[in-house]
Amino acid sequence: MLKGGNVMVMPNIKDRMPKRSFLPQVILSKLPFSTLRLSELKGIFHVRENSSMEHMLVDALAECERAPSLGESKQCVGSVEDMIDFAVSVLGHNVVVRSTKNVNGSKQNVMIGSVKEINGGEVTNLVSCHQIMYPYLLYYCHSLPKVRVYQADILDVESKAKINHGVAICHLNTADWSPKHVAFLALGFSPGQIEVCHWFYENEMAWTTAD
């Protein structure tokens, strides 16, 4: 439970993706981004037939072109401008982005320090952005309704010194989730029976309306 003084094991929140950069919109707008134009993409990025790079392109495009779930809005973005535009389209113009500060505390016991409830702890909407493996920096952004968002100081268990500042989210409605989701398998519950809470990992972004 995310409560000051509690000790918990922090998962490995380190970003495992290779370092890449967003593209300027003027370049991004000229690049194809569709499974229908896969052959063009392979030529642009010098991708060999049946290579791991080709599989990466196919998987990323399939995820980005997948129909949204019920009540979900989604978009893959390759520029800062596109990410902001999507967040604003879902949440309105009064938005703020948050992320976990660093990876300190990963894979070890940590103590929770002060906890702040975003938007006063009310059930809110969130735009969550996660990286997708692609030749340039690409984020999969999607709207998450009925969540609670928190920020928390993360402390060293022994010294009580602050080592990180994390962002966490609790999904209140899991009824439509797959029964094979790792949270249900680990905890022994079924969709809709529990809330699921987790940290935002390194370089993941949480967009909400500003407090």
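Please refer to the structure placed before this passage.
Only a predicted model underlies this, so the values are computations on that prediction, with no experimental measurement involved.

### Let's talk about the pairing of strand β6 (residues 138–156)
Two faces make up the sheet, and in a regular strand the side chains alternate between them.
Right, so step 1: Within β6, 15 of the 19 residues are buried, which leaves it mostly tucked inside the rest of the structure.
Right, so step 2: When strand β2 (residues 74–77) meets β6, the two strands line up antiparallel, connected through four bridges. Directly across from Gln75, in β6, lies its bridge partner Cys141.
Right, so step 3: Pairing between strand β4 (residues 109–117) and β6: six bridges, direction antiparallel.

### Concerning helix α4 (residues 80–91)
Right, so step 1: With 12 residues, α4 should cover 16 Å at 1.5 Å per step; its first-to-last C-alpha distance of 16 Å lies within 8% of that length.
Right, so step 2: Along α4, the positions that sit buried rather than exposed are Met83, Phe86, Ala87, Val88 and Leu91.
Right, so step 3: Considering only its buried residues, α4 is in contact with β2, β3 (95–98), β5 (124–132), β6 and β9 (205–209).
Right, so step 4: With its phi angle positive at about 95°, Gly92 sits one or two positions after the end of α4.

### Digging into the state of the cysteines
Right, so step 1: Applying the stated rule across the entire model yields three disulfides.
Right, so step 2: Sequence-ordered numbering of the bonded cysteines in the chain yields a pairing of 1-2, 3-4, 5-6.

### Observations regarding the pattern of salt bridges
Right, so step 1: Applying the stated criterion to the full structure yields seven salt bridges.
Right, so step 2: The shortest N-O distance in the salt bridge between Asp211 and Lys116 comes to 3.7 Å. Of the two residues, Asp211 sits in the segment after β9 while Lys116 sits in strand β4, which places them 95 residues apart along the sequence.
Right, so step 3: Judged by relative accessible area, which is 54%, Asp211 ranks as exposed.
Right, so step 4: Between Lys162 and Asp153 there is a salt bridge, with its nearest N and O atoms 3.2 Å apart.
Right, so step 5: One network of salt bridges, with partners in common, ties together Lys42, Glu49 and Glu54.

### Concerning the environment of Phe184
Right, so step 1: Relative to the assigned elements, Phe184 resides in helix α5 (residues 182–187).
Right, so step 2: Here Phe184 falls in the buried class, since its relative accessible area comes to 1%.
Right, so step 3: Along the backbone, Phe184 and Lys146 are 38 residues apart, and their C-alpha atoms lie at a distance of 19 Å.
Right, so step 4: Not counting residues up to four positions away in its chain, the partners in contact with Phe184 are Thr174, Trp177, Ser178, Pro179, Phe189, Ser190, Pro191, Ile194 and Val196.

### Looking at the nonpolar core
Right, so step 1: In this structure, Leu57, Cys76, Ile132, Tyr134 and Leu138 are the most contacted members of the largest nonpolar core, which totals 15 residues.
Right, so step 2: Secondary-structure elements contributing two or more residues to this core are α2 (38–44), α3 (52–65) and β6.
Right, so step 3: Top contributing element to this core by residue count: α3, with five residues.
Right, so step 4: Other than its neighbours up to four places away in sequence, Ile132 contacts Met17, Arg20, Ala60, Glu63, Cys64, Cys76, Leu138 and Tyr140.

Cut-offs and rules
Residues numbered from 1 in each chain as written. Predicted model: local features only at pLDDT ≥ 70, side-chain atom pairs only at ≥ 80, totals over all residues. Heavy atoms only, no water. Buried < 20%, exposed > 50% of the residue type's maximum accessible area, 1.4 Å probe, protein only. Helix = DSSP H or I, 4+ residues; strand = E, 2+ residues; numbered from the N terminus. Pairing = 2+ DSSP bridges. Expected span 1.5 Å × (residues − 1). Contact = heavy atoms within 4.5 Å. Disulfide = S-S within 2.5 Å. Salt bridge = Lys/Arg side-chain N within 4 Å of Asp/Glu carboxyl O. Core = buried A, V, L, I, M, F, W, Y, C linked by side-chain atoms within 4.5 Å.

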